[in-house]
Amino acid sequence: MAKTVRAVPRVVIIGAGIVGCSLADELTARGWTDVTVLEQGPMPAPGGSTSHAPGLVFRTNPSKCLTGMASYTVEKFSALRGPDGQACFDPVGGLEVATTPARLADLHRRAGLAASWGVEGEVVGPDECLKLWPFLEPDLVLGGFHTPGDGLARALPASRAQLERATARGARFLDRTTVTGIEQRGGRVTGVVTDRGTVTADHVVSAAGFWGPVVGRMAGVDIPLLPLAHQYARTTPLDELAGAVKDATRPILRHQDRDLYFREHADRIGIGSYAHRPLPVDPFTVPRYDDAPVMPSSYPFTEEDFAPSWEDAKALLPALAATRVHEGFNGVFSFTPDGMPVLGETRELRGFWLAEAVWVTHSAGVAKALAEWMTEGRPSIDLHECDLTRFETAQRSAAYVEERAARQFIEVYDIIHPLQPPEQPRPLRVSPFYARQLQLGAHFLEGGGWERPHWYQANAPLTETITLPTRDDWSATHWSPIAAAEAKATREKVALYDMTPLRRLEVTGPGALGFLQRTTTNNLAKKLGSVTYTLLLDEAAGILSDLTVARLAEHHFQIGANSPADLDLLLRRAPDDVQIRDITAGTCCIGVWGPLARDLVQPLTRDDLSHQGLGYFKARRTHIGHVPVTAMRLSYVGELGWELYTTADLGLRLWDTLWEAGRRHGVIAAGRSAFNSLRLEKGYRAWGHDMTAEHNPYEAGLGFAVRMNKGDFTGRAALEAQAARGEPARKLTALTLDDPTAVVLGKEPVYVKGAPAGYVTSAGYGYTLGRCIAYAWLPPLAPGTPVHIAYFGVKTAATVAEEPLFDPQMTHILK
């Protein structure tokens, strides 16, 4: 008898807060109508974070992804009507005020982010701030950032409206139903066990909010979030608001210099505070709805924690002095180690999805992206910042999650430099060269838990012959002129770079070549010892990652990858005759680059490292002194050299061998700051910054890494369709700033003929070129076209440049 194939997958969503209701609406709108939403509390206010959310929506964020999801939330909720007929979003606008010069400068930066991501906003003076909020203390306010499209989301009515739409399409919502287990078989989810029976499922989505870790444990899935209580209070009525009819008429207000926000509640003011100590909540001890004094997400208000904030609130809004705090609560919601949501399907348990650590601000946008992902195989926006796989193993301990998530709460309104590393827990991951780097005075930043030298104080004397333009305070943060000296030494002599944090994967087995051919864009069917730059694409040809693949033996490949998501994706796609493992922790790498690199390395090995003996993009196993290494003739800095890989136990010996041999050649250790400058001069892309899943190879200038004649591979059909459409509508474009003293850092808006046309991805000073370089997504523009980049509100002239900016003939590398 033929097996019945279900046309519509069965989906169970755990949690009927704003995320669960939004997801049910988005899934059923796409034809997935067999949706069951389980909620332990009573509908329509089940007692989670949604039930107490004050609803403020400020869309502008350094993350393009979060801004996009917030913008969709505003768009969708504006069209929804609650049971009372009111719109579920009230566009009263947003106002962030500055009471310090540093904050005012940062508001100009935020205005640039808004322009980059398509959000209307402008920095206004104190007088305009007072027009928008007459209660402000004029002597405190220096200016503000006004965003007229921001406002208040009415979370419970929005949940109810989406619930009703989803129900009309076939979804069912079961309240007073407690999840007690997740059923699975053969690595796939099969159902959800509740106190009222088992619900069969093909897909299960945990949208349980701060209960996420509880549901995760049932499924055997780690969910790295920490519930924290956040204070919210309402005042007694203000005389100035007497007779108010509407819930709110003035913009939602942020006083980030004191970690406060405000909104109107008719004739009262609501005040939220992040100024207090972190108040973590154990999700496994949160009371059931019927056992909670008010609701499970609402804890007793601790007046002593709020007292300093109340004084700060009265200082900003003196009219509050005639009122008092009428009521307050400590409301629970979720924080992750990096402050971003946790989204996606787990590989260990297929069909089990996460939609956790999502605030009301981004709720509808998250639901849309996840619904696309589930029904179409990919979201329409890049979600790598939110992907559940993004955390390293070392970043998943309970201690790490608690410490970093609590810090995210403390820093939620802080002015955070894009390079600012976490203070703790450090050092966490170090390369075998760490002791030598300390001796050289390394200035460490952090990435993926790794200590990463950005420059070395030992090279300070090299700056005496270098003249550089003066930097503003922002661009001088986490920067040193020593980086220029290290870049110069790399171009003129030779330098050692610690490349250990580069992710290394090993792919072996009889099916390894065929698997990698089908999975990536370039042709890997080459001789042993070949190294190939290639791309991982999704089915729509979006760039999921870029890889460097070395064929070390017939069935043995070493891959230079980017994030944990790369390993996860390859493991998902790999057939049974392919084995994949992450070898990063047990290995290390030194990049030896510069015109004297061969003079340093060749005497240390008996193998021929000449251009004829080991050509560009070739690999060989050899020995450097006593140390066995895999030498790959690659260069991300545009100079002659090799990446030398060995096991971690031999790493220090490799460093010392190269350092001692290099003394006569003037070798230095160089850091990431110089590295980034050199790679920008060569136009080498950085995945996650310059290109993501929202971009295809031809737009990103990476068409050379695609071989359409090698056979089928993931994304090939989409590339063919794109090629048939002709010239892409946008391109990753190289810009040079006209003023050699000007600097930009990334994410700034780019203006063409006075109108916003794109945004900067990567930027840095090109010390060889003597001016700043910026890459930006823009409409196709001819070299020489003038543009402007807005940096802290000031537009600086730039020019479209032809790539590569440095050594177009490759004479520095191919020798």
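Residues numbered from 1 in each chain as written. Predicted model: local features only at pLDDT ≥ 70, side-chain atom pairs only at ≥ 80, totals over all residues. Heavy atoms only, no water.

> Lay out the state of the cysteines with the relevant residues and their values.
According to the stated counting rule, one finds 0 disulfides in the structure shown. The thiol of cysteine 589 is unpaired, and the distance to the nearest cysteine sulfur, on cysteine 588, comes to 7.7 Å. (Disulfide = S-S within 2.5 Å.)

> Could you give me a rundown of the nonpolar core, with the residues and numbers involved?
Membership of the largest hydrophobic core comes to 48 residues, with the highest contact counts inside it found for Ile13, Leu27, Phe77, Phe173 and Val205. At the level of secondary structure, the elements contributing two or more residues to this core comprise β1 (11-14), α1 (18-29), β2 (35-38), α3 (64-79), α6 (155-168), β21 (352-356) and α9 (363-376). The dominant element in this core, judged by the number of residues it contributes, is α9, at 8 residues. If sequence neighbours within four positions are ignored, valine 205 has contacts with Val11, Val12, Ile13, Ile14, Leu23, Trp353, Ala355, Leu370 and Met374. Residues Leu552, Leu634, Ala674 and Val760 belong to the second largest nonpolar core, which totals 46 residues. (Core = buried A, V, L, I, M, F, W, Y, C linked by side-chain atoms within 4.5 Å. Buried < 20%, exposed > 50% of the residue type's maximum accessible area, 1.4 Å probe, protein only. Helix = DSSP H or I, 4+ residues; strand = E, 2+ residues; numbered from the N terminus. Contact = heavy atoms within 4.5 Å.)

> A description of the packing of helix α13 (residues 482-492) against helix α18 (residues 672-682) should follow, citing residues and the corresponding values.
Two elements in contact, α13 and α18, have axes separated by 8 Å at closest approach and are oriented at 55 degrees. Relative to α18, α13 is oriented oblique. The two elements α13 and α18 meet at a crossing, and its hand is right-handed. Between α13, through Ala483, Glu486, Ala487, Thr490 and Arg491, and α18, the contact on the second element is made entirely by Ser673, Ala674, Leu678 and Glu681. Residues of the contact of α13 with α18, tallied by class, amount to 4 nonpolar, 2 polar and 3 charged. (Axes fitted to C-alpha atoms, helices over the stretch in contact; angles between N-to-C directions. Parallel < 35°, antiparallel > 145°, perpendicular 65-115°, else oblique. Left-handed = near helix turned anticlockwise from the far one by under 90°. Nonpolar A, V, L, I, M, F, W, Y, C, P; charged D, E, K, R; others polar.)

> An account of the environment of proline 283 is requested, with residue identities and associated values reported.
Note on placement: proline 283 falls in the loop between β17 (268-273) and β18 (298-299). C-alpha of proline 283 to C-alpha of threonine 796: the two residues are 513 residues apart in sequence and 50 Å apart in space. Contacts of proline 283, omitting those with residues within four sequence positions, involve Phe210, Trp211, Pro213, Val214 and Pro227.

> A description of the side chain of threonine 346 should follow, citing residues and the corresponding values.
In this structure, threonine 346 sits in the loop between β20 (342-345) and β21. A polar side-chain atom of threonine 346 sits 2.7 Å from the main-chain carbonyl oxygen of leucine 349. (Polar contact = N/O pair within 3.5 Å; in protein donor to acceptor, adjacent residues only side chain to side chain.)

Note that all results are geometric; they support no functional claim without further evidence.
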